[in-house]
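For reference, the chains in residue letters:
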Amino acid sequence: QVQLVESGGGLVQPGGSLRLSCAASGSIFSRSVLDWYRQVPGKERELVARITIAGSTNYADSVKGRFTISRDNAKNTVYLQMINLKPEDTAVYYCNAHPIIGKSYDYWGQGTQVTVSS
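Note that the coordinates shown come from a computational prediction; the quantities given were computed from them, not determined experimentally.

J.: Can you break down the overall build of the chain residue by residue, with the values?
T.: A tally of regular secondary structure across the chain gives 0 helices and 11 strands. Shown N-terminal to C-terminal, the secondary structure of the chain runs as helices and strands in the order β-β-β-β-β-β-β-β-β-β-β. Taking 2.2 N^0.38 as the reference for a compact globule, 118 residues should give roughly 13 Å; the C-alpha atoms of the chain span a radius of gyration of 14 Å, in line with that estimate. Principal axes of the C-alpha set define a box for the chain whose edges measure 40 × 25 × 25 Å. Restricting to contacts in the chain with at least 6 residues of sequence separation, those with at least 24 account for 54%. Carbon and sulfur atoms provide 49% of the accessible area of the chain, an area that totals close to 6,200 Å².

Pasting the structure below:
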């Protein structure tokens, strides 16, 4: 069984920065695609960033140039570095791990709150 635990969220002013971490237990981390999602009450969960097993990355248009996803397989941890935060970035951020193809597994963390406000 795999467990994902997010951390690093908090309250920041517009233009500020945060670094989110997602620590994983289990043996599937290094062979998983890792995603960061976010969700606002009343809206569907949104894919924010993705990093493949090979290290390729993809970002939602709304965060390109501001967010950076990275992974450290030795530490079983995926990160989301966020800069120039905007109020519209406010959401609960979730870490997700899944295979390259299909959904033979689909693991989620409990989420960490990011609030961007003056």
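Further notes follow.
J.: Which residues make up the state of the cysteines, and what are the values?
T.: Per the stated rule, a full pass over the model turns up 1 disulfide. One disulfide bridge connects cysteine 22 with cysteine 95, the sulfur atoms lying 2.3 Å from each other. What sets the handedness of the cysteine 22 and cysteine 95 disulfide is the S-S torsion sign, and at about -85 degrees it is left-handed. You can see cysteine 22 sitting in strand β3 (residues 18-24) and its partner cysteine 95 sitting in strand β9 (residues 91-98), a full 73 residues away along the chain. You can call cysteine 95 buried: its relative accessible area is 1%.

What counts as what
- Residues numbered from 1 in each chain as written.
- Predicted model: local features only at pLDDT ≥ 70, side-chain atom pairs only at ≥ 80, totals over all residues.
- Heavy atoms only, no water.
- Helix = DSSP H or I, 4+ residues; strand = E, 2+ residues; numbered from the N terminus.
- Rg over C-alpha atoms; globule rule 2.2 N^0.38 Å.
- Contact = heavy atoms within 4.5 Å.
- Areas by Shrake-Rupley, 256 points an atom, 1.4 Å probe, with all protein chains shown as cover.
- Disulfide = S-S within 2.5 Å.
- Buried < 20%, exposed > 50% of the residue type's maximum accessible area, 1.4 Å probe, protein only.

Geometric descriptors of this kind do not, in isolation, establish any biological role.
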